[in-house]
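Listed below, chain by chain, are the residues.
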Amino acid sequence: HLRYFYASKLGADAVDLDMNIEEFVAKVNSDIVGKVVNLASRTAKFVDRLAQPYPDDGGLFARGAEAATTIATAYDAADFSRAMREVMALADRANEFVEQSAPWQLKKDPAKIADLQRACTIALNLFHQLAVYLAPVLPKLAQQAGDLLGAPITTWTDAAKPLSGNSIKTFSHLTQRVELAKVQA
């Protein structure tokens, strides 16, 4: 978590960083737990396999794949805060999709199983893409994402092609919310 917090603050220029514990807790809980891991936690429990072939997502995955160059350029320039902003912008779009799709509602209606499969496949692929982009900063999360989706993250180009037909392992928490009291202790 600390690596992500620092990455979100470090630009290409040398600057001093203040360690604000409250900001650290809020940033990690908002971005990593609330935006990235939340994609998997809200969808992985509803399916045991990704759809095959990958469904039409209105260009969400393709836009995410196009961002690979911008994110890589930011990493290469040591502008980690820009890279994290780009990744979180993708996470925001993915979460908008999940909110609109509402897989927790689709699960309640057996007639909508195909819609549920489609929504979860798209969301989990977007989660996988985010995990690839965060791998330089959060390698453990990338490894957990690869394990969950049956597709180990090994190269940057893993974000370029959606997964389809993969078995999904039983979801277990990938990370916990950071508690201010524990950090202060």
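Scoring rules and cut-offs
- Residues numbered from 1 in each chain as written.
- Predicted model: local features only at pLDDT ≥ 70, side-chain atom pairs only at ≥ 80, totals over all residues.
- Heavy atoms only, no water.
- Axes fitted to C-alpha atoms, helices over the stretch in contact; angles between N-to-C directions.
- Helix = DSSP H or I, 4+ residues; strand = E, 2+ residues; numbered from the N terminus.
- Parallel < 35°, antiparallel > 145°, perpendicular 65-115°, else oblique.
- Left-handed = near helix turned anticlockwise from the far one by under 90°.
- Contact = heavy atoms within 4.5 Å.
- Core = buried A, V, L, I, M, F, W, Y, C linked by side-chain atoms within 4.5 Å.
- Buried < 20%, exposed > 50% of the residue type's maximum accessible area, 1.4 Å probe, protein only.
- Lys, Arg positive; Asp, Glu negative; His and termini not counted.
- Salt bridge = Lys/Arg side-chain N within 4 Å of Asp/Glu carboxyl O.
- Polar contact = N/O pair within 3.5 Å; in protein donor to acceptor, adjacent residues only side chain to side chain.
- Patch = residues over 30% accessible without salt bridge, like charges linked within 9 Å, V, L, I, M, F, W, Y side chains within 5 Å.
- Areas by Shrake-Rupley, 256 points an atom, 1.4 Å probe, with all protein chains shown as cover.
- Nonpolar A, V, L, I, M, F, W, Y, C, P; charged D, E, K, R; others polar.
- Phe/Tyr/Trp six-rings, centres within 6.5 Å; stacked < 30°, edge-to-face > 60°.

## Examining the packing of helix H2 (residues 21–41) against helix H4 (residues 80–101)
- Relative to each other, H2 and H4 sit at 55°, their axes nearing to 9 Å. On the basis of their axis angle, the class for H2 and H4 is oblique. The way H2 lies across H4 gives a crossing that is left-handed. On H4, the residues that touch Asp31, Ile32, Gly34, Lys35, Val36, Asn38 and Leu39 of H2 are Met88, Ala91, Asp92, Ala94, Asn95 and Val98.

## Structural notes on the nonpolar core
- Grouped together as the largest cluster of nonpolar side chains are 59 residues, with contacts concentrated most on Phe127 and Leu134.
- In terms of residue count, the dominant contributor to this core is helix H6 (residues 113–134) (13 residues).
- Excluding residues that lie within four positions of it along the chain, Phe127 makes contacts with Val36, Val37, Leu39, Ala40, Ala145, Leu148, Leu149 and Leu174.

## A few points about the side chain of Asp158
- Structurally, Asp158 can be placed in the loop between helix H7 (139–149) and helix H8 (180–184).
- Buried charge Asp158 goes without a salt bridge, the closest partner of opposite sign being Lys161 at 10.0 Å.
- For Asp158, the residues in contact, after removing those within four places along its chain, are His128, Val132, Pro152 and Ile153.

## Quick look at the environment of Asn20
- Inspection of the secondary structure assignment puts Asn20 in the loop between helix H1 (2–9) and H2.
- Under the relative-accessibility criterion, Asn20 is labelled partly exposed at 34%.
- From its side chain, Asn20 meets the backbone nitrogen of Glu22 in a polar contact 3.0 Å long.

## Remarks on the environment of Gln184
- Structurally, Gln184 is set in helix H8.
- Each C-alpha atom, one on Gln184 and one on Ile21, is 7.6 Å from the other, the two residues being 163 residues apart in sequence.
- When sequence neighbours within four positions are dropped, the list of residues in contact with Gln184 reads Ile21 and Glu22.

## Some details on a nonpolar patch on the surface
- On the surface, a nonpolar cluster with roughly 400 Å² of combined accessible area is contributed by Leu2, Tyr6, Val15, Leu17 and Met19.
- Relative to the helices and strands, Tyr6 is located in helix H1.

## Some thoughts on the pattern of salt bridges
- Summed over the entire model, instances satisfying the criterion amount to six salt bridges.
- We note a salt bridge from Arg42 to Glu99, for which the minimum N-O separation is 2.3 Å. In this pair, Arg42 is assigned in the loop between H2 and helix H3 (60–76) and Glu99 in helix H4, connecting sequence segments 57 residues apart.
- Each of Lys27, Asp31, Lys35 and Asp92 takes part in a single network of salt bridges with overlapping partners.

## Regarding the packing of H6 against H7
- In contact at an axis separation of 8 Å, H6 and H7 are set at 150° when each is read in the N-to-C sense. On the basis of their axis angle, the class for H6 and H7 is roughly antiparallel. Where H6 crosses over H7, the handedness of that crossing is left-handed. Two secondary-structure elements touch here, H6 through Leu124, Phe127, His128, Ala131 and Leu134 and H7 through Leu141, Ala142, Ala145, Leu148 and Leu149.
- Considering only residue class, the contact of H6 with H7 consists of nine nonpolar, one polar and no charged.

## Some points on H7
- Those residues of H7 that fall on the buried side of the exposure criterion are Leu141, Ala142, Gln144, Ala145, Gly146, Leu148 and Leu149.
- Buried positions along H7 lie against H2 and H6.
- One or two steps after H7, the chain reaches Gly150, where phi turns positive at roughly 65°.

## Focus: the packing of aromatic side chains
- Across all of its chains, the model carries six aromatic pairs by this definition.
- Aromatic pair Tyr133 and Trp156: ring centres 5.1 Å apart, planes at 45°, arrangement tilted. With Tyr133 in helix H6 and Trp156 in the loop between H7 and H8, this pair connects stretches of sequence that are 23 residues apart.
- The exposure class assigned to Tyr133 is buried, which follows from its relative accessible area of 0%.

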